[in-house]
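Below are the chains, spelled out letter by letter.
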Amino acid sequence: MKRRWGMGFALAALLLMGWQDASGYAHFVRYLTKNGPFEPVLTRFDLRSVPGKRIPYFIERRGPEQLAEGDSRVALFSQIQAAAEVWNTVKTSELRVVFGGLIEAGARMNGPRVEIVFDEVPPGLVALAGPEVLGEVTEKDGTVFVPIVKSLLILPDNMADPARPSWSERLFQTIVHEFGHTLGLQHSWASGTMSTEITRATTKGAPLAADDVAGISALYPTREFVEKTGSIAGRVLMGGQGVHLASVVALKPTGEAVSALTAPDGRYVIRGLAPGSYSVYAHPLPPGLAGEPQPVNLDLPLGPDGPIQPGGAFDLAFFPGGSVPEHRVDVREGETNGSVWFSVQPRQQVNLHSVQTYRFFGQQAVKPAFLQAGQERGSIVLFGFGMSNASGPVAGLSATLFQAPETLLAPGIFAYAPAPSYLQTDLSVPEDAPPGLRHMLFRLNGETHVAPGAYKVTQAQPPAVEVVEPAVNGIVTIRGKRLDRGARVLFDGAAGQIAEGSAEMLQVRPPRGMDGHAARVSVFDSEGQSSAMLDGGTAHVHRYENGGTPAWRVEPAFLPAGVETVLELTSEGADWTPAKLGFGTSDVTVSKIWRVGAHRSLVKVAVSPAAEAGPLRLALADGIAFAEAENALNIYPPSVRKLYVVMSAMADTPVYAGGMAALPVANLTSPLFLATTQVRINGVAAPVVAVNGSVATVQIPEGLPAGVVKLQMTVQGEEVLPAALVLSLPPPKPPVITAAQTLMGLNLQAGMPPAAGEMIQLLVTGLAESAATEDVKSFSGEVEHTVILVQKTATGHTVYVRLSEESPRGAAIPLTLRVDGLQSLPFPVPIR
Amino acid sequence: MRSLTLILGLLAAAAISPATTIERMSMDEMIAKSTRIVRGEAVSVEGVRRGGMIYTDYTFRVQETLKGGPPETLRLSVPGGVHGAARQSFAGTPALRLSREYVVFVWTSRSGVNHIIGLSQGLFTAGLNEAGERVLRRGPASSHVVDKNGKEVADSGVELTWGELVRRVRGAGVVR
Ligand SMILES: [Zn+2]
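Residues numbered from 1 in each chain as written. Chains lettered and ligands numbered in written order. Predicted model: local features only at pLDDT ≥ 70, side-chain atom pairs only at ≥ 80, totals over all residues. Heavy atoms only, no water.

1. Observations regarding the overall build of chain B
Basically, it comes down to this: The secondary structure listing takes helices from DSSP runs of H or I that are at least 4 residues long and strands from runs of E that are at least 2 residues long, numbered from the N terminus. For each residue, the accessible area found with a 1.4 Å probe, counting protein chains only, is set against the maximum for its type, and the residue is called buried under 20%, exposed over 50%, and partly exposed in between. Only heavy atoms enter the contact rule, under which two residues are in contact if any of them lie within 4.5 Å. What sets the accessible areas is the Shrake-Rupley method with a 1.4 Å probe; for residues, cover comes only from the shown protein chains.
When helices and strands are tallied, chain B shows three helices and 11 strands. For chain B, the sequential pattern of α-helices and β-strands runs α-β-α-β-β-β-β-β-β-β-β-β-β-α. The proportion of buried residues among the 176 residues of chain B is 56%. Pairs at least 24 residues apart make up 57% of the contacts formed inside chain B by residues separated by at least 6 positions. Summing over all exposed atoms, chain B offers an accessible surface of approximately 7100 Å²; the carbon and sulfur share of this is 51%.

Next comes the structure, spelled out in structure tokens:
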């Protein structure tokens, strides 16, 4: 049920319903009350309103006006798709974003979506993203939220910045981050992608951190998120008053941090924690930097009277108090540890904050600082606000490691010689140091700052690509070093398929690309590192040489608004079928693409009743290949009546060859009649066995293989729009006893009744080839008979059974066989 | 030895605050790239929709112009805002208070929309310092800002006097 409410009504309902969704991660938050308890109302997509819980994203077709040298629109589009789909890797989030096609500026559509557009933006602005809402607080399925109508991600018209080509780590991470904003996430301070780039410890190879996963999952939780992760909750108080927008962070010495922000009364909940024990600290948000919004880098929570300002600055405190992490807090799955309260001391302002850390691979600087296990002296270069002046560290500044197995070498923190306002620390990393993120603490004049994810320990240096050889028979050979460490090879934004590999050589089938396209090639390891960290990602190119692009045909090419159907998509001139496609409007939803041949796909679509009439352009993508077909589909107004099968309303029970399927038909002017309803499945006539109002029940012909089948129907001579069924394997059938015989092969019914305790043989069909004696049981009512042997024969099986001594004499017993929970029909066996 | 330019260049490029992902600009860069530099106050505010986007438009009454020409009022657009029932949020866009004095580095797009350069980088509050000089303030940022070529920018930070800005604008060869 869905209702739209006035604020007062929503509030009353909130209080009645209680709250299950109070998450403190930085989302776009509203509070409906002026006083506590403050229950955050979050801004998010209404996944129940879209087919398959999939939110489409659209890319403005023209692309940016200017690109970096060697860059292309196709390459950029592939990176945008890859960055968007990073959010689909979160298993504990229900949200899935799907490519919806290309749009023109100002395209009109109705359904919720993300639009990626290119716009003239002022200098100094790299990207901009956020949700648009209609100011309505909505209750659905027991939760109250503000539904996102559409989100915008704006990239500049001028993307010629050589520091940010499409293949750069930096642009990719920016788009992942901005996409996070479009889905309902704000900034956090735990070094995930939703941190600002200054403190971010994610990479293109490992683009999401635990904090990002928790944040998106809190908005779109799966059952697993609720049941398998735990929470830490409590309050941050200063002088007995709650502190608004304090950041509370849970972390482990060798793991990623997860954080939450406090409500106006100081309450917080950190959700999405894996079971274990954590250090927890509360810290004030750093001031917004130049160019960032003030006073903090957030869209402030909205209360009834407008934006609610953050509370005052305070001294960072570890639970249960003090600036040293001594205690741990236990988290169990599915439970909330609600006793983690902080009492913090005010301070004038936050001076130490926003630490960025680097290391160098040759001339390439890499963030975060990656250090390798066994490295005797690894250098980290850093800059932290309030930590240095022109000649080096501010007197009294100290740096320590957060319970790490590494050792900070003397003299601790010192001026980075080439640029003394930047700082350096040197670490020794033991051979057996576990891989993962580490954290550092900085102290100055009684102020403590924690830099989560300050550096990352890996097993080895990043993969190095030395040469990418031209393709031979469609296979590209890459030579280099450390290429086998969980390798993934990206050609622009799409992964190739590794056919063979060693540390020095990979043989890769590239993803589909456009003829003549030069794709940048990078190799990624499983620790978030990539060859681009060594070579900048520009150096190695694969050039595609593979003929032309096909022409595309869609059938049917005309659809009225408000129907569901299956389109048949064929390609002519080249044998590719798309992995993704879209019609450039959220009003035509593509919920499934089945590749059914080298040139043929079936595409399940739903057209919204609100869809505007007119022609639609089809955009198709596979790998980094991109194609378009003008006027591929035309939408009529809903007044054009077309019969269609309501696939979305079909029962969820499996259908299979030989079984039945109930087909609900919409837009009928009269009930269905048996005689005038015809169905063909994959071209084979399927008998209609019953009709009931608008529902026809058909028998699916035997012999159709499992998988997708196309369904065509006529009703009183009128064609119904095509539909698709996905056939499962037929369910197992119970065995059938065809005869009960003496061991001599004489039928028992023919005047040869056995005595109780005697052995008989049963001729049986429908047992699995591999049926074992111990799997087969025999009963008559409550009485069990002993199965002695199950033997395979030419026509089925022979089952030898010793009749129980308890068999009632002088009557026929109903003998059955049971196997795997399936029971045969009873076969009468006379007893002497 | 790693070069100074390299690391400064890197840090400059990395000093990004996404949401709004911005690239930090030096004062000279802002002076050069802005269409107008004006001092004045916002006198009214309204949400407008342009294309697919909602902007908050401020009517800005100009008291003094340091770069560029008239008019004496201009319409300043900030992405995001409220239009009718719709609210578009961009985590990280600035808001101006009415009747407060600002110095704004304005950048006018080809379509004629006036933006603040670098989002809030080109927005300064104006006031008087203890010596009675007119000063511009922007956020509590530290002096850690470097330009694209890796040079430290000394004046990007907390406070800048109006006189210094005038000197710099003239130094940049801009005719008033
Ligand atoms: Zn951001």
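So much for the structure itself; the text now carries on.
2. So, the pairing of strand β65 (residues 812-819) of chain A
Residue and element names in this part refer to chain A. Test applied: Here, strands pair whenever DSSP counts at least two bridges between them.
Bridge analysis of strand β62 (residues 777-780) against β65 gives three bridges, and the strand direction is antiparallel. Bridge pairing in β65 links K777 to R818. Where β65 and strand β67 (residues 827-830) come together, four bridges link them in antiparallel fashion. Directly across from P814, in β67, lies its bridge partner P828. Across two bridges, β65 lies against strand β66 (residues 822-823) in antiparallel orientation. The residue of β66 that forms the bridge with V819 is L822. With antiparallel pairing between neighbouring strands as the criterion, β65 and β66 make up a hairpin whose turn holds two residues, including D820 at a positive phi of roughly 50°.

3. Some details on unusual backbone geometry
Residue and element names in this part refer to chain A. A cis geometry characterises the amide bond from K367 onward to P368, with omega recorded as -10°. With respect to the helices and strands, P368 occurs in the loop between β25 (364-366) and β26 (369-372). Note the cis peptide between A410 and P411, where omega equals 5°. Structurally, P411 is set in strand β31 (residues 407-415). In this model, L245 sits at a positive phi of 55°, which is unusual for a non-glycine residue. Here L245 is to be found in the loop between β13 (241-242) and β14 (246-251). Of note, the phi angle at N631 is positive, near 50°, even though the residue is not glycine. When its relative accessible area of 47% is taken as the criterion, N631 is described as partly exposed.

4. Details of the side chain of D71 of chain A
All names here are of chain A. Defined as follows: We count Lys and Arg on the positive side and Asp and Glu on the negative side, and we leave His and both chain ends out. Definition used for salt bridges: Asp or Glu carboxyl oxygen within 4 Å of a side-chain nitrogen of Lys or Arg.
Considering the arrangement of structural elements, one finds D71 in the loop between β5 (66-67) and α2 (73-85). Lacking a salt bridge, the buried D71 has R520 as its closest oppositely charged neighbour, with an N-O distance of 6.4 Å. Not counting chain neighbours up to four residues away, the residues in contact with D71 comprise L76, P165, S166 and W167.

5. A look at the packing of α2 of chain A against helix α3 (residues 169-183) of chain A
Residue and element names in this part refer to chain A. Selection criterion: Lines are fitted to the C-alpha atoms to define the axes, a helix being fitted only along its stretch in contact, and any angle between axes, read from their N-to-C directions, falls within 0 to 180 degrees. Every angle not falling under 35 degrees, over 145, or within 65 to 115 is termed oblique; those three ranges are roughly parallel, roughly antiparallel and roughly perpendicular. Crossing handedness is defined as follows: a turn of the near helix away from the far one that is anticlockwise and smaller than a right angle gives a left-handed crossing, while the clockwise case is right-handed. Polar here means any residue outside two lists: the nonpolar Ala, Val, Leu, Ile, Met, Phe, Trp, Tyr, Cys and Pro, and the charged Asp, Glu, Lys and Arg; Gly therefore counts as polar.
In contact at an axis separation of 9 Å, α2 and α3 are set at 50° when each is read in the N-to-C sense. Considering their axes alone, α2 and α3 lie oblique with respect to each other. The two elements α2 and α3 meet at a crossing, and its hand is right-handed. Contacts between α2 and α3 involve L76, Q79, I80, A82, A83 and A84 from the former and L171, F172, I175, V176 and F179 from the latter. The class makeup of the residues in the contact of α2 with α3 is 10 nonpolar, one polar and no charged.

6. A closer look at a nonpolar patch on the surface
Residues and elements named next belong to chain A. Formally: Nonpolar side chains (Val, Leu, Ile, Met, Phe, Trp, Tyr) within 5 Å and like charges within 9 Å form the patches, drawn only from residues with over 30% relative accessible area and no salt bridge.
Taken together, the side chains of F558, Y636 and V640 make up a nonpolar region of the molecular surface, amounting to roughly 250 Å² of accessible area. Counting through the fold element by element, F558 comes out in strand β44 (residues 558-560). On the basis of relative accessibility, which here comes to 43%, the residue F558 falls in the partly exposed class.

7. Thoughts on the packing of aromatic side chains
Describing an aromatic ring pair means giving the distance of the ring centres and the angle of the ring planes. All names here are of chain A. The line we're drawing: Within 6.5 Å between ring centres, the rings of Phe, Tyr and Trp (the latter by its six-membered ring) count as paired, and their orientation is classed by plane angle as stacked under 30 degrees, edge-to-face over 60, tilted in between.
One pass over the full model with this rule turns up 15 aromatic pairs over all chains. Seen from their ring centres, F77 and F626 are 5.6 Å apart, and the 65° between their planes marks the pair as edge-to-face. With a gap of 549 residues between them, F77 in helix α2 and F626 in strand β50 (residues 625-636) connect regions that are remote in the sequence. In this pair, the class of F77 matches that of F626, namely buried.

8. Let's talk about the pairing of β14 of chain A
All names here are of chain A. The buried fraction of β14 is high, at six of six residues. Residues A246, V248 and A250 point to one face of β14 and S247, V249 and L251 to the other, with burial holding for every one of them. By the bridge criterion, six bridges tie β14 to strand β17 (residues 276-284) in an arrangement that is antiparallel. Within β17, the position partnered with S247 by the bridge is H283. Here four bridges tie β14 to strand β15 (residues 258-261), and the two strands are oriented antiparallel to one another. Each bridged residue has a counterpart across the sheet, and for A250 the counterpart in β15 is V258. Hairpin connection, β14 to β15: the antiparallel pair is bridged by six residues.

9. Re helix α4 (residues 210-219) of chain A
Residue and element names in this part refer to chain A. Most of α4 sits out of view: eight of its 10 residues are buried. Those residues of α4 that sit buried are D211, D212, A214, G215, I216, S217, A218 and L219. Against β3 (41-44), α3, α5 (223-228), β15 and β16 (267-273) lie the buried residues of α4.

10. Here's the deal with the confidence of the model for chain B
Residue and element names in this part refer to chain B. The test is simple: Confidence of the predictor in every single residue is expressed as pLDDT, which spans 0 to 100.
Looking at chain B, the pLDDT average stands at 73 and 69% of residues meet or exceed 70. Low confidence marks residues 1-20, where pLDDT is under 50. Its contacts with residues over four positions away, or in another chain, come to 78 contacts. In the model, residues 140-158 has pLDDT below 50 throughout and makes 48 contacts with residues more than four positions away in sequence or in other chains. For this predicted complex, the interface score ipTM comes out at 0.78, alongside a pTM of 0.85.

11. What to know about the environment of A260 of chain A
Assignment of secondary structure puts A260 of chain A in strand β15. In this structure, the C-alpha to C-alpha distance between A260 of chain A and F626 of chain A, residues 366 residues apart in sequence, is 40 Å.

12. Regarding the sheet that holds strand β33 (residues 436-444) of chain A
Residues and elements named next belong to chain A. What the four strands build is an open sheet, ordered β26-β34-β33-β30; its pairing is mixed. Unpaired on one side and paired on the other, β26 and β30 (398-401) mark the two borders of the sheet. Put simply, the sheet's adjacent strands are angled 35° from each other on average, direction ignored. Looking at chain direction, β30 and β33 are connected through four bridges and run antiparallel. When the bridges of β33 are listed, S398 appears paired with R443.

13. Structural notes on α2 of chain A
Residues and elements named next belong to chain A. Quick note on the threshold: A helix's residues, less one, multiplied by 1.5 Å, set its expected span.
When the terminal C-alpha atoms of α2 are compared, their 18 Å separation across 13 residues agrees well with the 18 Å that a helix rising 1.5 Å per residue should span. Burial runs high along α2: 11 of the 13 residues are buried. Every buried residue of α2 is accounted for by V74, A75, L76, F77, S78, Q79, I80, Q81, A82, A83 and A84.

14. Observations regarding the sheet that holds strand β40 (residues 505-509) of chain A
All names here are of chain A. The strand order across the open sheet formed by four strands is β35-β36-β40-β39, and the pairing between neighbours is antiparallel. Only two strands of the sheet have a single neighbouring strand rather than two, namely β35 (464-468) and β39 (497-501). Put simply, the sheet's adjacent strands are angled 30° from each other on average, direction ignored. Of the strand pairs in this sheet, β35 and strand β36 (residues 476-481) are connected by four bridges, and their pairing is antiparallel. Looking across to β36, one finds that V467 is bridged to R479.

15. Observations regarding the nonpolar core
Rules: Here, nonpolar core means buried Ala, Val, Leu, Ile, Met, Phe, Trp, Tyr and Cys residues that are tied together by side-chain atoms lying within 4.5 Å of each other.
In this structure, F179 and F583 of chain A are the most contacted members of the largest nonpolar core, which totals 87 residues. Apart from the residues within four sequence positions on either side, F583 of chain A is in contact with G100, L567, V588, V590, V605, L616, R617, L618 and L633 of chain A.

16. Here we look at the environment of S231 of chain A
All names here are of chain A. Relative to the helices and strands, S231 resides in strand β12 (residues 230-238). Sequence separation of S231 and E60 is 171 residues, and the distance between their C-alpha atoms is 40 Å. Beyond its immediate chain neighbours, meaning those up to four positions away, S231 contacts V269, I270, R271, L273, V331, E335, T336 and N337.

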